[in-house]
2 protein chains.
Amino acid sequence: MRGHILESALRLFAAGGFNGTSLHDIAADAGCSKASLIYHFSTKEAILTELLTPAREELAALDAHVTGLPQDQQVEAAVVGYVELALRHRREVKILFEDTPVMVCNPALGDIAAMAERLVDTMSGRSRDAGRIVSANMVLGAVFVTCAGEMDIPDDVLRDELIAGALRTLGRRPDGPRH
Amino acid sequence: MRGHILESALRLFAAGGFNGTSLHDIAADAGCSKASLIYHFSTKEAILTELLTPAREELAALDAHVTGLPQDQQVEAAVVGYVELALRHRREVKILFEDTPVMVCNPALGDIAAMAERLVDTMSGRSRDAGRIVSANMVLGAVFVTCAGEMDIPDDVLRDELIAGALRTLGRRPDGPRH
DNA sequence: ACGGTAACTGTCCGATCGGTCAGTACTGAC
DNA sequence: GTCAGTACTGACCGATCGGACAGTTACCGT
């Protein structure tokens, strides 16, 4: 049951947003009572927290891994790691971006924004140059939107194209998409 | 008053989302009663609609303008037009992306998604190649996120860097950001 | 056979939601 | 002076929200 609830909540939050989805909606979708949701998770917020925790932990792991790398490998590792993470957690990332106001007020999730910022800083090569900073922010949004929107492209192709596109955005590769 | 209400609603919707902002919140921020909101605009949805209409119309104009251009100028025109539009309507674009579920159900706003899709199609060079399609989608998200997030970079610099970054993403320029 | 506990539900609750409505204050036209 | 109309409000409404709580059922070790 617990798993069913999380699956329903994930789908509904991704489709209608956190504030746009009621406990009644989730209960109906999961095939249980509203009271059952509160039995398994004590709050609506707690459902969101538990839903996003795996992605949050993977982001933390990525953050730690990238930081420990030699300088000249950090950018590429950050890009690849972020793309794969976003692809592995498409709907979670969508919720993360679309419900930022809800998220930043959540004590268990509030550090995600800071970690994302650090990821962007890494992708910019820790530069103060406006061009680098803008490019890195662009990658953040580019990967998110592309993963969140549903396209009929196989995941492995999407992965490679996202990485290539992101590195192009950052000015790391001279070659464009073939045609 | 009417203008004050729209300004308050714009700020609050952008900060907390449509579903996360109540009529009471808007009334308090605008310094009037909740009933006054309904007097000027008949529904909460109508406030959103009126708020997004200018941006919607500019998008429609951009769509028409780009379509009328010779093939070889369309991609660059689409990129430049989109960047300038997003920069001119930062908060509106943020609402547009964060409240897609609300938007697509709104009859007066429902066509925005279709126009955005056409814009992406144009930026992809109307290609069926996965790389092109992914790149174009990336540009859509890249510009949005960068405009929506607040950075202390002057608008004109941001404009140039966004255009350059987007064209790089699309593989239209071999040079990266200077360093 | 039975006590304990985990899983689950129906029902109720106060708060808040978007929206209605009767009424008031002000203003310019005649 | 008065009257129509515009701008606005306080009080109120039903619906829905997240959540509390007292059960009921089913299973399990003893």
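Residues numbered from 1 in each chain as written. Chains lettered and ligands numbered in written order. Predicted model: local features only at pLDDT ≥ 70, side-chain atom pairs only at ≥ 80, totals over all residues. Heavy atoms only, no water.

### Regarding the overall build of chain A
Summing up its helical and strand segments, chain A has 10 helices and 0 strands in all. Each helix and strand of chain A, ordered N terminal to C terminal, gives the series α-α-α-α-α-α-α-α-α-α. On the principal axes, the C-alpha backbone points of chain A span a range of 55 × 35 × 25 Å. Looking at the 179 residues of chain A, the share that counts as buried comes to 52%. Nonlocal contacts in chain A, meaning residues at least 24 apart in sequence, comprise 67% of its contacts between residues at least 6 apart. (Helix = DSSP H or I, 4+ residues; strand = E, 2+ residues; numbered from the N terminus. Buried < 20%, exposed > 50% of the residue type's maximum accessible area, 1.4 Å probe, protein only. Contact = heavy atoms within 4.5 Å.)

### Here's the deal with the side chain of T49 of chain B
One can find T49 of chain B in helix α4 (residues 44–67). With residues up to four places along the chain from it excluded, the contact list for T49 of chain B reads N106, A108 and L109 of chain B.

### Structural notes on the domain arrangement of chain A
Residues and elements named next belong to chain A. Here the domain parsing of chain A yields domain 1 (1–42) and domain 2 (52–169). Distance between the C-alpha centres of domain 1 and domain 2: 27 Å. Domain 1 puts 8 residues into the contact, and the matching count from domain 2 is 7 residues. Here domain 1 meets domain 2 over a buried area of about 670 Å², counting both sides, of which 62% is carbon and sulfur. When the buried surface of domain 1 facing domain 2 is broken down by residue, L10, A14 and F18 rank first, second and third, together holding 66% of it. Viewed at the interface, domain 2 and domain 1 are joined by 1 salt bridge. Residue R91 pairs with E7 through a salt bridge whose shortest N-O separation is 3.5 Å. (Domains from an automatic or database assignment. Buried area = accessible area lost by both parts, 1.4 Å probe. Salt bridge = Lys/Arg side-chain N within 4 Å of Asp/Glu carboxyl O.)

### What to know about helix α6 (residues 90–98) of chain A
Residues lying three or four places apart along an α-helix face the same way, a consequence of the helix completing one turn every 3.6 residues. Taken across its 9 residues, α6 of chain A has 7 buried, putting it largely inside the fold. Taken together, the buried positions of α6 of chain A are R90, E92, V93, K94, I95, L96 and E98 of chain A.

### Observations concerning the packing of helix α1 (residues 2–16) of chain B against helix α6 (residues 90–98) of chain B
Residues and elements named next belong to chain B. α6 packs onto α1 with a crossing angle of 50 degrees between their chain directions and a minimal axis gap of 9 Å. On the basis of their axis angle, the class for α1 and α6 is oblique. Between α1 and α6 lies a crossing of left-handed hand. In contact with E7, L10, R11, F13 and A14 of α1, α6 contributes R91, E92, K94, I95 and E98. Partitioning the contact of α1 with α6 into residue classes produces 4 nonpolar, no polar and 6 charged. (Axes fitted to C-alpha atoms, helices over the stretch in contact; angles between N-to-C directions. Parallel < 35°, antiparallel > 145°, perpendicular 65-115°, else oblique. Left-handed = near helix turned anticlockwise from the far one by under 90°. Nonpolar A, V, L, I, M, F, W, Y, C, P; charged D, E, K, R; others polar.)

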